[in-house]
Structure formats: C-alpha cells, structure tokens
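Descriptive structure summary
So you can see what is in the structure, the chains are spelled out below.
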Amino acid sequence: MDAFRFAPELFEVRNDVMQRLTDEGFDWLSHYSSVDPIHDCYGIEVCGIIERDDAFAIQRLLMAMFPSWMPG
C-alpha cells in the first residue's frame, strides 16, 4: 500500500457504485451513510450499513460489479 497514493478515477467508480446502489433500491442515508474511495489500496468502501442483510446484499452487488476486487 502507498499511503500517499491518490487515484482520482476512484471518484467515478464511487459515482457508479452509488448509482447502482440506487438502482438496486438502496438509499443513501437510509441504507448506508457513504461510499468512500480508498486510495492507498485502490478500493471502494460502503460505510454505515445498518442492516446485516443489506450488508451482504451490497457485498454481493460490489462483487458482481468488480469481480477482480477482493472484499475485505
């Protein structure tokens, strides 16, 4: 990991994830609090998921969107 890495393209990925979450019925601030780029390890984090079942559904959605990325 590079603590000083900045990957501006992750902001477009973030937008795509938020749109897909909306398309799948997950509402910002109701089902999750934020979608954050993680620049140092080149990833995306969906934060503040309240319901356990929603967390698993969102994880499956992200795994389908990004099959080469490993959830962590």
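Computed from a predicted structure; not experimentally measured. (Residues numbered from 1 in each chain as written. Predicted model: local features only at pLDDT ≥ 70, side-chain atom pairs only at ≥ 80, totals over all residues. Heavy atoms only, no water.)

Re the packing of aromatic side chains
Per the counting criterion, the structure on display carries three aromatic pairs. Ring centres 6.0 Å apart and planes at 50° place the aromatic pair F6 and F11 in the tilted group. Residue F11 is classed as partly exposed on the basis of its relative accessible area, which comes to 39%. Arranged with centres 4.5 Å apart and planes meeting at 15°, the rings of F66 and W69 form a pair that is stacked. Using a relative accessible area of 16% as the deciding quantity, one classes F66 as buried. By relative accessible area, which is 26% here, W69 ends up partly exposed. Grouped by ring-pair contacts, the aromatic residues Y42, F66 and W69 constitute a single cluster. (Phe/Tyr/Trp six-rings, centres within 6.5 Å; stacked < 30°, edge-to-face > 60°. Buried < 20%, exposed > 50% of the residue type's maximum accessible area, 1.4 Å probe, protein only.)

Details of the pairing of strand 1 (residues 34-38)
As defined by bridge partners, strand 1 adjoins strand 2 (residues 43-47) across five bridges and the pair is classed as antiparallel. From the neighbouring strand, I38 faces strand 2, where its bridge partner is G43. Here strand 1 hands over to strand 2 after four residues, with Y42 in that stretch at a positive phi of 55°. (Pairing = 2+ DSSP bridges. Helix = DSSP H or I, 4+ residues; strand = E, 2+ residues; numbered from the N terminus.)

Examining the pattern of salt bridges
Here the structure, examined in full by the defined rule, presents one salt bridge. Put simply, E24 and R20 hold a salt bridge, and the shortest N to O gap is 3.7 Å. (Salt bridge = Lys/Arg side-chain N within 4 Å of Asp/Glu carboxyl O.)

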